[in-house]
Amino acid sequence: MAGAAEAWFAARGWSPHDFQREAWQAIAEGRSGLLHATTGAGKTYAVWLGVLQALLQQHPPGRHAEPLRVIWLTPMRALASDTARALAAPLQDLAPAWTLGLRTGDTPSAERARQDRRWPTVLVTTPESLTLMLTREHARAELGGVAAVVVDEWHELIGSKRGVQAQLALARLRTWQPGLITWGLSATLGNLPEALQVLCGVQPAPEPRLVRGRIDKTLTLDTLIPPVPGKYTWAGHLGAGMQQPVVEEIARSGTTLVFTNVRSQAEIWYQLLLEARPEWAGQIALHHGSLDKATRDWVEAGLKQGTLRAVVATSSLDLGVDFLPVERVLQIGSAKGVARMLQRAGRSGHAPGRPSRLTLVPTNTLELIEAAAARHAALAGRVEKRASPDQPLDVLVQHLVTVALGGGFQADAMYEEVRSAWAYRGLTRAEFDWALAFCERGGTSLGAYPEYHRIQPDEQGLYLVRDNGIARRHRLGVGTIVSDASVQVKWLSGGTLGSMEESFIARLREGDCFYFGGRLLEFVRLRDMAAYVRKATKRKGVVPSWQGSKMALSAELADAVLERLQAAAQGDFDGPELQAARPMLETQARLSHIPTPGMLLVEAFQSREGQHLYVYPFAGRNVHLGLASLVAWRLARDKPNTFSLSVNDYGFELLSAEPFDVELVTSGAVFTTHDLMHDVLASLNASELAQRRFREIARVAGLVNTGYPGQPKSTRQLQASSSLFFEVFRKYDAGNLLLTQAEREVLSQELDLARLAVTLRRLRARRIVFAPLRHPSPFSLPLMVERFREKLTTEQLADRLDRILRDMERGEGG
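Residues numbered from 1 in each chain as written. Predicted model: local features only at pLDDT ≥ 70, side-chain atom pairs only at ≥ 80, totals over all residues. Heavy atoms only, no water.

Draft legend 1. Inspection of empty space enclosed by the protein at higher detail. Summed over all chains, the structure comprises three cavities of 30 Å³ or more. A volume near 80 Å³ is recorded for the largest cavity. Every residue lining the largest cavity is counted, 14 residues in all, and those nearest its centre are M341, L360, E370, A371 and A374. Put simply, the parts of the chain that give the lining of the largest cavity at least two residues each are β8 (219-223) and α15 (366-379). In terms of residue count, α15 provides more of the lining of the largest cavity than any other element does, four residues in total. Looking at the lining of the largest cavity, its residues break down into seven nonpolar, three polar and four charged. (1 Å grid on protein atoms, 1.4 Å probe; cavity = no way out; pocket = protein on both sides within 12 Å on 5 of 7 lines; lining within 4 Å. Points joined across faces, edges and corners; volume = space filled by probe spheres on them. Helix = DSSP H or I, 4+ residues; strand = E, 2+ residues; numbered from the N terminus. Nonpolar A, V, L, I, M, F, W, Y, C, P; charged D, E, K, R; others polar.)

Structure below.
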């Protein structure tokens, strides 16, 4: 079957790209690899036809299906059906007897039963479903013949514990099949060699291949300029004012995807579109992860068929689902990262040769600068890097129980296998032995409880799970995606709308109205973790809030923003975005200074509230949270004081009723990295943060289970259980490595300590410019508004801003 890929392309009048031929050749040589190419360039067939061609060489097609040979991993269930359709076309032509199947959380029980009797030749599945396959008693016999694994959207998995879960599963498959070929597909990654290493594991042979797909594809990144950007701005300042321009853009375009960064914003914009054009009811739709699967399927089908004018969506439609009719993407607010922007742009023109277009819709004037910066960074190829988590022991504990269920393991061999996964390449034998003992006896503090004796060695030292109850609980808890307990939202008359976080539903009283799934609903009652609703008769309701942090500005985009600001500071307002932001930037320059790459701007302002200090490191809100706490703690170390903090992606505000020594900041003394770890932990409630992080770790490690089907546990029950473990380990098992992991994750993920240290070193190298203010500057006002939002209603905030803006205008002489 040599040349099968070329022949299949030729039969369709297609000509392969050079990168596709390069991938086919590498796979023919038995090499693993990573293919990085533009969204819609043809990555799927580049790898799939190469794998299929190689398999046909080894197993010429006959009248009977081959056993399971290929696993195609996808990070999202929504991608699975699309991927299966793409894989089926060449399979039907080149090996019609071979079979293809799907295995995800959405797979019907009848189809699962068929697969249990005989696996398909090619299986499209998720990391969680693959892990569940590894828990089967005869996993080795069923999976030992797998010759190739393809990991789609590798950039989406690599930086998370789901990616680590995939690494461990691949290590298990390589143990059974040393010649396993592994390929990853990616469209947006800034550290490709490292991503290849993580995918292929430690010391792969033969040497894996990095294939870069470079094709000419028109990509347009532009901005919808607001009619009146204004001299002052704050988060959401322009939002609803962009309603009509957005409607006009949708009206003059083909099928349009409207992306928002959070689900609540998606609900708001769906209502704004319907409010402006009621006749579009049925032509526009809403899509996010909390909606019922049937609703999401209907929306996705409408996009593929081109029957919908527009869909308002979150990251639920970020990845490579093929919606050919989509001509245009609108991004509400900044995407906050170059990779995310390019990923979303690729949802339009999702085919070789078709142009892609993304238009940013700013929700405040500062986002105009982010838009220009993102375009410059994208054209320069400055895309964010993504690193694998480093040896998360909760995932390892879960994996050890998984493998013990799936036929068992010997400790020495398992240690070497785990270390072949990139995330655990530095795992010491002492750490492995601790994880093993924790699975076997529950560590030093849970030895008296049989339910935590999850694995036991037999006479030959083979570790197995012997208790059926433990096995069942483990299979129900497999995975690393952790979220608060959710409540089903159901019609009083029957039928399910989707799910909401329990924390929101718990605040509702009978008769309260809220928007969900594009509808205005009236809350009736909560019973058995289900919220019953009916169609509201009132005209207004609240928009649900979902837990989860706001997206932080990436380091690459932050640097690009400073470069655009430097151009403006030098009088260069090139491009429509900087021209529109010019009144605001000129006001900032007149009242203070425009921040630039070599400068750290510090502003001070005195009000009736007290002494305000504004600092602009441009390091993203996560770093600024840690930095603001650190600076406040260091300022109060010698002279006790209380500070209110406010942060955004550009800087932070410290507010104190009592005066403090500003020179400690303007001299740079508070930006030292000396005793950084100690000072960061002292400046925050580190124990509370670690306990919150431990809730997730306890669930991944199998200490806490979320209940059984039809009997889910509430968030309060889950938090109480994990808190109890946290306190027990602290008092009676201080050396518990899961506690150490919780502290490490707080520092590395929530506070981004590494980036905080880099930021402090950069700040020390910058020239500090101090600007006393008579009234807030355009850059300081958004920080002030962030603080107001926490204690003022919407109406009170509007009145407060009106007064501030009037004072500013008078201060500027009208």
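Draft legend 2. How the structure looks around the pairing of strand β23 (residues 610-616). Of all seven residues in β23, seven are buried, a share of seventy percent or more. Pairing between strand β22 (residues 599-607) and β23: seven bridges, direction antiparallel. Looking at β23, one finds that S607 is bridged to G610. Between β22 and β23, which pair antiparallel one after the other, the connecting turn spans two residues. Here five bridges tie β23 to strand β25 (residues 652-656), and the two strands are oriented antiparallel to one another. Bridge pairing in β25 links Y614 to E653. (Buried < 20%, exposed > 50% of the residue type's maximum accessible area, 1.4 Å probe, protein only. Pairing = 2+ DSSP bridges.)

Draft legend 3. Region of interest: the sheet that holds strand β12 (residues 328-332). The six strands are arranged β8-β13-β12-β9-β11-β10 in an open sheet whose pairing can be described as parallel. In the strand order of this sheet, the two ends are held by β8 and β10 (284-287), each with one partner. With strand direction ignored, the average angle separating the axes of adjacent strands in the sheet is 20°. Where strand β9 (residues 256-259) lies against β12, four bridges are found, and the strand directions are parallel. Across the sheet, residue V258 finds its bridge partner in β12, namely L330. Of the strands in this sheet, β9, β10 and β11 (310-313) are in contact with helix α13 (residues 293-305), which crosses β10 at around 130°. Taken strand by strand, α15 contacts β8 and β13 (356-361), and its axis lies near 165° from that of β8. (Axes fitted to C-alpha atoms, helices over the stretch in contact; angles between N-to-C directions. Contact = heavy atoms within 4.5 Å.)

Draft legend 4. Structural view of the side chain of T223. Here T223 lies in strand β8. Classification of T223 as buried rests on a relative accessible area of 13%. At 2.6 Å, the side chain of T223 forms a polar contact with the side chain of E577. With near-sequence residues (within four places) excluded, T223 lies in contact with T359, L360, P362, L368, A371, R375 and E577. (Polar contact = N/O pair within 3.5 Å; in protein donor to acceptor, adjacent residues only side chain to side chain.)

Draft legend 5. The pattern of salt bridges, seen in detail. Under the criterion given, the structure shown has 37 salt bridges. Ionic pairing is found between R637 and D679, a salt bridge with its closest N-O pair at 3.5 Å. Placement of the pair is R637 in helix α23 (residues 621-638) and D679 in helix α25 (residues 676-683), with a sequence separation of 42 residues. R637 gets classed as partly exposed once you look at its relative accessible area, which sits at 47%. We classify D679 as buried; its relative accessible area is 3%. Each of K161, D394, R693, E696 and E745 takes part in salt bridges that share partners, so that together they form one network. (Salt bridge = Lys/Arg side-chain N within 4 Å of Asp/Glu carboxyl O.)

Draft legend 6. Main features of the environment of H593. Within the element layout of this structure, H593 appears in the loop between α22 (576-591) and β22. The contacts of H593, once residues within four sequence positions are left out, are Q588, M599, L601, V769 and A771.

Draft legend 7. Region of interest: the nonpolar core. Residues Y424, F694 and L703 are the most contacted members of the largest nonpolar core, which totals 83 residues. Residue contributions to this core peak at nine residues, all from helix α16 (residues 393-405). Residues within four places of Y424 in sequence aside, it is in contact with V164, L168, Q391, P392, V395, L396, V418 and R419. (Core = buried A, V, L, I, M, F, W, Y, C linked by side-chain atoms within 4.5 Å.)

Draft legend 8. How the structure looks around the pairing of strand β20 (residues 519-527). Two strands pair when backbone bridges link them, and strand β19 (residues 513-516) and β20 are joined in this way by four bridges, in the antiparallel orientation. Paired with C513 across the bridge in β20 is E522. As consecutive antiparallel partners, β19 and β20 are separated by two residues, and within that stretch G517 has a phi angle of approximately 60°, a positive value. As defined by bridge partners, β20 adjoins strand β21 (residues 530-535) across six bridges and the pair is classed as antiparallel. The residue bridging E522 from the neighbouring strand is R534, located in β21.

Geometry only, nothing functional implied.
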